[in-house]
Amino acid sequence: MTSQMASRPTSRRPPTTQTRPRTANSRPTTARPQTAASTKHEANYVVALLEGRGLGREVGLAALDKDTGRVVLVQLSDCQTYVKTMHQMHLHNPCLILVPDTFLSTSGVGSARKPAYRQYMTRSPMLDFIREEFPDVPVEPVLRKYWNATSGLEFVQQLCVEDEERAGTILAVSNKYYVLSSVSALFKHAELRLNTRFASASLRIRCLPVDGTMMIDPESARNLELVGNLSVKKSTHSIFGILNHTFTAMAARLLRVNILSPITSQSSIDARLDVVEGKEFSQALAFDEDLFNEVKSALKTLNKMDFDKLIAMLVQSETKPTTTAQGAAARVSQMLNLRNVVHNLPLLRKALEGTKSPLLRIVYDMLSDQRLERIDSLIRMALNEDTSTVKHGIAAVNARVYAVKANYNRLLDVARETYKENVGDIYGLNNTLTDAHDIPLTLVYLETGFVFSLKKQDLENDQLPRGFINATLKKGKWQFSSLDLKKMNARMKDALDETLILSDKIIQDLVSEILLNIGALYKASEAVALVDMLWSFAHSAISEFLTEPQRMRNYVRPELTGTLAIKSGRHPILETVRSAGTLVSNDVYCDDSFSFQIIQGPNMSGKSTYLRQVGLLTVMAMCGSFVPAEYASFRIHDAILTRFSNDDDLEKNLSTFASEMATSAMILGLATPKSLVLIDELGRGTSPIEGAGIAHAIAEALIEQKCFAFFATHFSELSMTLSRQPTVLAFGRTGNYPTSFRRGHESIRLQRTRASESNFGMTFQYKIIDGAPEDNTHYGLELARLADLPSDVLVEANRVTSNLTALHARNQEHSESHQIALRRKTLLRLRTQLTQAYEHSTLPDEDLVAYIGRFQGDITKAFLYGVE
Ligand SMILES: Nc1ncnc2c1ncn2[C@@H]1O[C@H](COP(=O)(O)OP(=O)(O)OP(=O)(O)O)[C@@H](O)[C@H]1O
């Protein structure tokens, strides 16, 4: 895919402009929050980017997740709009972008009011796009001398964790100049500006292949509401929201990346689907209730855990020895969390013990790494078994104080004894004062130490006895202190700090030993993330309201046959927001003989929804998820490219027309025969004649490209002008709407939405059916009538519209080229059917022969009479 995209002729693309704050050739950006900020995934990546100077637009990207220590390396060849680079950046939400200082110039743009990173003028078109797409993310220059491939390779060799993928990673990046240079700048910046150094062999560095995943450019991701909603802030109104039932933070991240960049390997998708509902494996998650529940219970013990973050904190803490009690407390807490993770991992392993699914077996093997047991026994030797996970209050403090086993270190035991006595003294003081004043005092632990607490109603006249100080009223309770309590707190704090610093020394040694086996922890983290995501898919696929044997029938397992065929597909997001029974399901059929589909119909009749549904179900299937339909089969696409009109374009002061043209140029530049293209209402931004012309020309280019394209349009002329193409709609009215799914194999034709008029206005049925809009139904005129236009105006409008329509139809039907086109089209359809029958039919041989025999007659008719 990469090379195809890179080598695509650029004639259709708009020209580059060097100074372009916002121009027609920029990919219009829309409300940004939803791919990044509106989900719970914070921007964490520091991304270093370097672009080659050659024509190939080679871009190297190195991204470091500050929280989890993951490092992602990508080198790709991009197009003029840098859409692939933007896609990668969206996958790794940047919080800081590093570029060579030569990409920026400070000359003459300084302004006291601008933040430092805004004071630069860019000298790089790529940077212009980055600033448009990520306007709030700081861009920082790094001296050009730090972008050094040799030192980048040294960083990778030094920092990459010792695991099975290390050798592959080093090999994969070793000849990638731009990505290695970015690595060098990234770690130099971490050292010099972020003051962060990483321990040797401690980071999970991965070189991502650009092929192997489907590209969804950032705007398409927003249009399709993949990880955020266009209008509603609630993030569950997105594909991510619908599929995310994960327990761990790593799985939620994995799911997000998969949705924004689904995999394209058929065997990998099938392996994931097998985990949910295996054809051969009865022990798949959706079939085997015990397995489903056991995995769920095991994952629950890891709830909200983020191993990656935990590991990264340990890795960083090893290089940053702490001398403060606060730092020591943080490290002890991290180690306690790690203890809980390592103790609980065997539960998940046990749940998967008997699995026959190859993918779950891989997960099982990853969790069976001997090094995990070694880490567990190291922790068991040093730490107490108690797995209390309290995060606040005195219980959390005590968990840290008693984290290390008794008799491990004499001094620590003594310090703990002192701490215990100090706490005892404080409780003693509480009892004494309770008796002395006859008020029911209790103790609350705050960050600064203990305070007394008393319910408001237990204090007469809101008057505290003498001797109490610093009283505050919070949520119906008084909190206050006394001089004695303050002194005791200070003594307790000293003892506490001492225990923490002594514990930390022991834990620091433990961290060093654990780091030797850190590869196993990273592997376990990946395994848990995968199984958690797949469990989440199984959860979505199972209808909780149905019982055996129908429990699976809410979502179906998609097939990957190369033909896009969906029976009674439902829009997955609309399904969750519409009241029961009001969602209309729709069929989809698209193959090589009718790769280009025009959808027509009145406003508000469901065209955009239908297009989005096609995109969403495709994304779900390619992630390995089941889909909401009665039957679904897909083609694996290299990219989903979309154009939907967006009100945000107007907000951004980008004219509708400029925005349409920029997006169309991008789509035409990137589309390959394997792409899925969804275009809604192209050509609105200019005069109707020009609009129809442009829409026609863009449609022609897509038809030529042979990608699967769905084209919703108001231009009825398109169905005529394009019908000469063999892979487009068959023209004309058809009364026979598909009644059964198999009929879909004949062909899908021009599609339209259905609407009818009721006493109260137009009623939309949201049903996509075959055929051109009925000649005598002009919904625009109907709407005009409902809007009470004068009757003589309406009569005249009807007369002219009918005459024009009849004239068009007559010209069309009698044209010779139309007849030729009809024959070509029929032949192409028959060829596709034959291929389908040959490759995918499950009919017995005899039936298959009879079936093929029937084609002879059809082919003859097609040749002689141009009959479909
Ligand atoms: N299959 C469906 N089932 C139920 N409701 C639907 C369905 N499809 C669309 N709708 C509802 O109809 C509304 C309009 O749909 P949509 O925006 O897709 O229409 P449209 O034909 O693209 O309109 P326009 O031409 O004005 O852009 C949606 O907000 C949705 O609530």
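Just so it is clear, the structure is predicted and the values come from calculations on it, not from any experiment. (Residues numbered from 1 in each chain as written. Predicted model: local features only at pLDDT ≥ 70, side-chain atom pairs only at ≥ 80, totals over all residues. Heavy atoms only, no water.)

1. Focus on the packing of aromatic side chains
Okay, so step 1: One pass over the full model with this rule turns up 13 aromatic pairs.
Okay, so step 2: Relative to Trp 535, the ring of Phe 292 lies with its centre 4.9 Å away and its plane at 25°, an arrangement referred to as stacked. Of this pair, Phe 292 sits in helix H11 (residues 289–300) while Trp 535 sits in helix H19 (residues 518–541); the two residues are 243 residues apart in sequence, bridging distant segments of the chain. Per residue, the accessibility class of Phe 292 equals that of Trp 535, and both read buried.
Okay, so step 3: Arranged with centres 5.1 Å apart and planes meeting at 80°, the rings of Tyr 445 and Phe 450 form a pair that is edge-to-face. Each member of the pair, Tyr 445 together with Phe 450, is buried.
Okay, so step 4: Ring-pair connections join several aromatic residues into one group, and the members of that group are Phe 155, Phe 187 and Phe 198.
Okay, so step 5: When the ring centre of Phe 644 is taken as reference, the NZ or CZ atom of Arg 612 above it lies at 4.3 Å. (Phe/Tyr/Trp six-rings, centres within 6.5 Å; stacked < 30°, edge-to-face > 60°. Helix = DSSP H or I, 4+ residues; strand = E, 2+ residues; numbered from the N terminus. Buried < 20%, exposed > 50% of the residue type's maximum accessible area, 1.4 Å probe, protein only. Lys NZ or Arg CZ within 6 Å of the ring centre and 35° of its normal.)

2. So, the environment of Leu 299
Okay, so step 1: Following the sequence through the fold, Leu 299 ends up in helix H11.
Okay, so step 2: Given a relative accessible area of 0%, Leu 299 falls into the buried group.
Okay, so step 3: Between the C-alpha atom of Leu 299 and that of Asp 532, which follows or precedes it by 233 residues, the distance is 7.0 Å.
Okay, so step 4: Sequence-distant contacts of Leu 299, that is, excluding residues within four places in its chain, are made with Phe 247, Leu 348, Val 528, Val 531, Asp 532 and Trp 535. (Contact = heavy atoms within 4.5 Å.)

3. Thoughts on the site of the ligand
Okay, so step 1: Surveying the vicinity of the ligand reveals 16 residues, the closest of which are Val 584, Met 604, Lys 607, Ser 608 and Thr 609.
Okay, so step 2: Backbone polar atom of Val 584 to a nitrogen atom of the ligand: 2.9 Å apart, as the coordinates give it.
Okay, so step 3: A distance of 2.5 Å separates an oxygen atom of the ligand from a polar atom in the side chain of Ser 608.
Okay, so step 4: Burial of the ligand by the protein chains amounts to 79% of its free accessible area of 630 Å².
Okay, so step 5: With three residues, the single largest contributor to the shell around the ligand is helix H21 (residues 607–623).
Okay, so step 6: Per-class residue counts for the shell around the ligand are six nonpolar, seven polar and three charged. (Near = heavy atom within 4 Å. Polar contact = N/O pair within 3.5 Å; in protein donor to acceptor, adjacent residues only side chain to side chain. Areas by Shrake-Rupley, 256 points an atom, 1.4 Å probe, with all protein chains shown as cover. Nonpolar A, V, L, I, M, F, W, Y, C, P; charged D, E, K, R; others polar.)

4. What about the pattern of salt bridges?
Okay, so step 1: In the structure shown here, the tally under the stated rule is 24 salt bridges.
Okay, so step 2: Arg 557 is paired through a salt bridge with Asp 270; the nearest N and O atoms lie 3.6 Å apart. With Arg 557 in the loop between H19 and strand S14 (559–560) and Asp 270 in helix H10 (residues 266–277), the pair connects residues that are 287 residues apart, well separated along the chain.
Okay, so step 3: Classification of Arg 557 as buried rests on a relative accessible area of 14%.
Okay, so step 4: Asp 369 serves as the salt-bridge partner of Arg 371, at 2.9 Å between the closest nitrogen and oxygen. The same class applies to Arg 371 and to Asp 369, which are both buried.
Okay, so step 5: Here the salt bridges do not stand alone but share partners, grouping Arg 70, Arg 204, Arg 206, Arg 253, Asp 306, Asp 308 and Glu 526 into one network. (Salt bridge = Lys/Arg side-chain N within 4 Å of Asp/Glu carboxyl O.)

5. Side note on the sheet that holds S14
Okay, so step 1: One open sheet holds the four strands; their spatial order is S14-S18-S15-S16, and the pairing between them is mixed. Sheet topology places S14 and strand S16 (586–590) at the edges, where each strand pairs with a single neighbour.
Okay, so step 2: Along the sheet face, H21 touches strand S15 (564–569), S16 and strand S18 (631–634) and points at about 70° away from the line of S16. (Pairing = 2+ DSSP bridges. Axes fitted to C-alpha atoms, helices over the stretch in contact; angles between N-to-C directions.)

6. Overview of the nonpolar core
Okay, so step 1: Leu 226, Ile 259, Val 295, Met 335, Leu 352 and Phe 710 are the most contacted members of the largest nonpolar core, which has 173 residues in total.
Okay, so step 2: It is H19 that provides the largest number of residues to this core, a total of 16 residues.
Okay, so step 3: Residue contacts for Ile 259: discarding those within four places in its chain leaves Ile 216, Leu 226, Val 227, Ile 239, Phe 240, Leu 243, Val 619 and Cys 623.
Okay, so step 4: The next biggest cluster of nonpolar side chains, apart from the first, holds 28 residues, and it includes Cys 79, Val 83, Met 666 and Phe 715. (Core = buried A, V, L, I, M, F, W, Y, C linked by side-chain atoms within 4.5 Å.)

7. Some words on a nonpolar patch on the surface
Okay, so step 1: Together, Val 800, Leu 804 and Leu 807 line one region of the surface with nonpolar side chains, adding up to about 240 Å² of accessible area.
Okay, so step 2: Relative accessible area serves as the criterion here: at 42%, Leu 807 is assigned to the partly exposed category. (Patch = residues over 30% accessible without salt bridge, like charges linked within 9 Å, V, L, I, M, F, W, Y side chains within 5 Å.)

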